[in-house]
Amino acid sequence: MKTTLLLVFLIMLCACSAVHKKQDTQITEVIHIETAPVLDGKAMENFWNLIEWQSIDQNWIGGPYEHEDFNGKYKLAWNENALYILLEITDDVLYDKNEDPLKLWWNDDCVEIFIDEDNSGGLHQFNYNAFAYHVALDGNVVDITEEEEPALFNEHVTSAHTTEGNLSTWELEVKIFDEDFYKKKVLEPTILKPDKKIGFALAYCDNDQSVERENFIGSIFVPGEDKNQGWINADIFGTLVLKK
Ligand SMILES: [Ca+2]
Ligand SMILES: [Ca+2]
Ligand SMILES: [Ca+2]
Ligand SMILES: [Ca+2]
């Protein structure tokens with residue numbers, strides 16, 4: 001009996017420890033910039049040239065896709081006000097299926113930015129422990145609120161993109177908010193400092209005129225069969241370390 005109880009206790013302990021984010025996996029060091037980029041979808045700023053590209057190549061949803069159908073890469077930089085993303089997306093068909101930004105927003109072509117301000121990991125579907133910002137082609141930013149409803153979070157992410165042929169170049173400014181941001185009288189992003197860790201992943205919902213999105217491609221390897229976990233669970237996010 002004692003052995004059985006001990007075994008049950010050990011299994012529970014393992015199960016509990018497995019839900020916490022392994023903080024040191026998939027680490028990216030992010031370089032500091034003095035001046036924010038001009039958000040115009042043109043990588044004219046010299047600092048962008050000095051930063052290495054990273055891939056968006058993990059197929060979280062959908063069948064195999066060709067290189068012309070989707071490929072994506074990104075660069076990151078930060079200053080005390082925000083995280084900055086330069087993103088190059090090749091997508092053969094740009095498709096805004098639903099004009100209403102709060103209706104089936106994940107079935108439009110969109111960039112999805114996952115942010116966990118304190119790198120805690122954990123569940124975030126109906127709270128602000130972490131965010132899954134869906135940035136639409138028209139710039140609207142959608143996530144789910146504590147009231148379990150979709151809402152616009154346009155003050156959190158500002159974007160611009162240019163498109164030439166199949167290639168879109170995005171520049172995004174992501175202000176980082178903690179889980180209590182909505183309790184404050186004034187919308188107050190976190191002031192970022194060197195060595196801060198932020199949970200992070202980036203993804204693209206690719207729809208080329210289908211009823212539902214055809215692929216959902218992320219920047220982070222997700223173990224197990226269900227790869228579509230980021231919108232609920234911040235444990236799968238990678239970790240950014242802000243470097244001065
Ligand atoms: Ca620019
Ligand atoms: Ca496509
Ligand atoms: Ca958190
Ligand atoms: Ca598309």
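Up top you'll find the structure we're talking about.
All of the points below concern the structure found in this document. Residue numbers here run from 1 along each chain, matching the order of that chain's written sequence. Chains and ligands are labelled sequentially in the order written, the chains with letters from A and the ligands with numbers from 1. Totals for whole chains, interfaces and linings use every residue, but because this is a predicted model, local features are given only for residues with pLDDT of at least 70 and side-chain atom pairs only at 80 or more, for both listing and counting. Think of the side-chain values as coming from all heavy atoms in the structure, minus any hydrogens and water.

**Brief notes about the coordination of the calcium ion (ligand 2)**
Part 1: Excluding water, the donors of a metal are its N, O and S neighbours within 2.8 Å, or within 3.2 Å for Na, K and Ca, and that exclusion means sites may look incomplete. Every protein donor of the calcium ion (ligand 2) is accounted for by Asp-69 (O), Asp-69 (OD), Asp-91 (OD), Asp-92 (OD), Asp-206 (OD), Asp-206 (OD), Asp-208 (OD) and Asp-208 (OD), and the metal-donor separations fall at 2.3 to 2.9 Å.
Part 2: Mapped onto the polypeptide sequence, the residues donating to the calcium ion (ligand 2) form the spacing pattern D-x21-D-D-x113-D-x1-D.
Part 3: If you look at the calcium ion (ligand 2) and the calcium ion (ligand 4), they sit 3.8 Å from each other and are both ligated by Asp-91.
Part 4: Each residue's exposure class comes from its accessible area (1.4 Å probe, protein chains only) as a fraction of the maximum for that residue type: buried when under 20%, exposed when over 50%, partly exposed otherwise. Residue classification places Asp-91 among the buried positions, given a relative accessible area of 2%.
Part 5: Judged by relative accessible area, Asp-92 falls into the partly exposed class, the value being 35%.

**Some remarks on the packing of aromatic side chains**
Aromatic ring pairs: the centre-centre distance and the angle between the two ring planes describe each pair.
Part 1: For Phe, Tyr and Trp, rings pair up if their centres lie within 6.5 Å, where Trp contributes its six-membered ring, and each pair is then called stacked (planes under 30 degrees apart), edge-to-face (over 60) or tilted (otherwise). Summed over all chains, the structure comprises 18 aromatic pairs.
Part 2: A ring pair is formed by Phe-70 and Tyr-204, whose centres lie 5.3 Å apart and whose planes are at 20°; its orientation type is stacked. Linking Phe-70 in strand E4 (residues 70–79) with Tyr-204 in strand E12 (residues 197–206), this pair joins segments that are 134 residues apart in sequence.
Part 3: Looking at Phe-70, the relative accessible area reads 1%, which means it is buried.
Part 4: A relative accessible area of 1% means that Tyr-204 is categorised as buried.
Part 5: Ring centres 4.7 Å apart and planes at 85° place the aromatic pair Trp-105 and Trp-106 in the edge-to-face group.
Part 6: Judged by its relative accessible area of 11%, Trp-105 falls in the buried class.
Part 7: Clustering of aromatic rings is evident, with ring pairs tying together Tyr-128, Phe-131, Tyr-133, Phe-153, Phe-177, Phe-181 and Tyr-182.
Part 8: In this structure, Lys-75 packs its charged tip against the face of Trp-53, placed 4.6 Å from the ring centre.
Part 9: A positively charged side chain is recorded as over a ring if its NZ (Lys) or CZ (Arg) lies within 6 Å of the ring centre. The angle to the ring normal must also be within 35 degrees. A cation over an aromatic ring shows up here: Arg-213 above the ring of Phe-216, its NZ or CZ 4.4 Å from the ring centre. Only DSSP runs of H or I with at least four residues qualify as helices, and only runs of E with at least two residues qualify as strands; both kinds are numbered from the N terminus onward.

**Comments concerning the coordination of the calcium ion (ligand 3)**
Part 1: At 2.3 to 2.5 Å from the calcium ion (ligand 3) lie its protein donor atoms, namely Asp-116 (OD), Asp-118 (OD), Ser-120 (OG), Asn-129 (O) and Asn-129 (OD1).
Part 2: Here the donor residues for the calcium ion (ligand 3) map to a single chain with the spacing D-x1-D-x1-S-x8-N.

This is a description of form; function is not addressed.
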